[in-house]
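Single-letter residue listing:
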Amino acid sequence: MATKRYLMTPGPTPVPPQVLAALAEPIIHHRAPEFRPVYEQCLEQLRTVARTESDVLLFGSSGTGAFESAVANLVTPGERHLVVSAGNFGERWAQMTAAYGADVDHLRYAWGEIPEPEDVGARLRESGGAKALWIVHSETSTGVVSDIEALAAVGKEAGALVVVDAVSSLGAVPCETDEWGLDAVVSGSQKALMTPPGLGLVAVSPAALAATGSSPRFYFDWERTRKAQAKLDAPFTPPISLVAGLNVALGLLLGEGLEAVFDRHVRLGRAAREGAKAMGLELFSPDDDRSAVVTAVRVPDGIDGKEIVRTLRDRFGITIAGGQGELMGKIVRIGHIGWFDVFDITTTLAALELTLAELGADVERGVAVSRALAAFEHATA
Ligand code: PLP
């Protein structure tokens, strides 16, 4: 029998069958009348999921591409920008804004720390402000989900535009784009939005559109895409099948109800954490309901995290993520954004327990699954 596969990474994530079916539909032309209602509905549903009245610009790109659109549109060489990092992705944005010639003020936390609004406010006051504050909502490399509302508030107070990496958070945890005054919210199709990789998106406020700078750009020029989308006419050939798939996926999210989706993610996070702790493992990501995207667990002493990832994949067909950068080999990460239920978590925990025991770790056997199920059942406040 072919090995049954479980994709338990924080992106790409499993794609529901209804979305797969839409992806398998024959290709229609992107200027054909049949595509326009799909495109229109997809853009409308994106606004609903991103909780914004503003445009959500869609690009054929990964999340990094959509983020580069924000950099290319908002950075003029020499301007000061404050980039906050506490892991791999924040550090990527510090590099990217620097590559576009920004005078980058980099507020760099150690990986796994939680950015504090007080620090950001103090930094903005000391430096005399910044054109934009660049922050990561869910730092997928560490499992930390930041308090974007509070961080954005200090940025706004200092007169900065607020740009948010919501690549692994949009559709999993609340992101109130308009209410929190976020000027650019960047995401991608392959995470909580339950669609294959290939679509990047950015919700752009009128203030951000009015503040675009002079960096060279063409494909990622926001105004070009905004104008075309307003006529339901993509400026370039869009990934037609992915747009159709994303439209179905967004319909599934909205059908479940965003609040119910957020609640499910909180309970999935609880299940993963309680199961890991029951085995005797130490969490790396915070033991907190906010950590609803990915659970990062410290690898027990004497064991190589890469070996855990390899064994889970080769023996059990389960793909989890290892640590990135300085955390490589030291943590493993179980993703739970998108099309997940508690049995995905318990399957992974059961296999993790077997794997760790086999690799010689001193783990508590036979309790993780029941503890995880109990944690999932417990209603959120
Ligand atoms: N930002 C975060 C928080 C991510 O988790 C990822 C992907 O893992 C990215 C950015 C980069 O997205 P992509 O790989 O789609 O370019």
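Here the structure is a predicted model, which means the values were calculated and not measured.

Caption draft 1: Structural context of the domain arrangement of the chain. Its domain assignment divides the chain into domain 1 (17-255) and domain 2 (258-377). Once you take the C-alpha centre of each, domain 1 and domain 2 turn out to be 28 Å apart. Contacts between the two partners involve 29 residues from domain 1, matched on the other side by 23 residues from domain 2. In this assembly, domain 1 packs against domain 2 so that about 2,100 Å² is buried in total across both faces, 66% of it on carbon and sulfur atoms. With a closest N to O distance of 2.8 Å, Glu259 and Arg51 form a salt bridge. Connecting domain 1 to domain 2 are four residue pairs in polar contact (both at pLDDT 80 or more). Listing elements by their share of the side of domain 1 that touches domain 2, those giving two or more residues are helix 2 (35-49), helix 4 (88-99), strand 7 (144-145) and helix 9 (240-256).

Caption draft 2: Structural detail: the sheet that holds strand 14 (residues 331-335). Taken in spatial order, the three strands make up an open sheet running 11-14-13, and their pairing is antiparallel. Looking at the sheet topology across the chains shown, the edges are occupied by strand 11 (294-298) and strand 13 (321-322). Strand direction decides the pairing type here: strand 11 and strand 14, joined by five bridges, are antiparallel. Across the sheet, Val297 pairs through a bridge with Val332, a residue of strand 14.

Caption draft 3: How the structure looks around the pattern of salt bridges. Applying the stated rule across the entire model yields 23 salt bridges. Among the salt bridges present, the one from Glu256 reaches Arg264, with a minimum N-O distance of 2.8 Å. Given a relative accessible area of 37%, Glu256 falls into the partly exposed group. For Arg264, a relative accessible area of 12% translates into the label buried. Residues participating in the shared-partner salt-bridge network are Arg270, Arg273, Glu274, Lys277, Asp287 and Asp289.

Caption draft 4: Fine view of the sheet that holds strand 9 (residues 184-188). Strands sit in the order 2-10-9-8-5-3-4 across an open sheet of seven strands; the sheet is mixed. Only two strands of the sheet have a single neighbouring strand rather than two, namely strand 2 (55-60) and strand 4 (103-108). Strand-to-strand, the axes of this sheet are offset by a mean angle of 20 degrees, without reference to chain direction. Two elements, strand 3 (residues 80-85) and strand 4, share six bridges in a ladder whose sense is parallel.

So, how was this worked out
- Residues numbered from 1 in each chain as written.
- Predicted model: local features only at pLDDT ≥ 70, side-chain atom pairs only at ≥ 80, totals over all residues.
- Heavy atoms only, no water.
- Domains from an automatic or database assignment.
- Contact = heavy atoms within 4.5 Å.
- Buried area = accessible area lost by both parts, 1.4 Å probe.
- Salt bridge = Lys/Arg side-chain N within 4 Å of Asp/Glu carboxyl O.
- Polar contact = N/O pair within 3.5 Å; in protein donor to acceptor, adjacent residues only side chain to side chain.
- Helix = DSSP H or I, 4+ residues; strand = E, 2+ residues; numbered from the N terminus.
- Pairing = 2+ DSSP bridges.
- Buried < 20%, exposed > 50% of the residue type's maximum accessible area, 1.4 Å probe, protein only.
- Axes fitted to C-alpha atoms, helices over the stretch in contact; angles between N-to-C directions.

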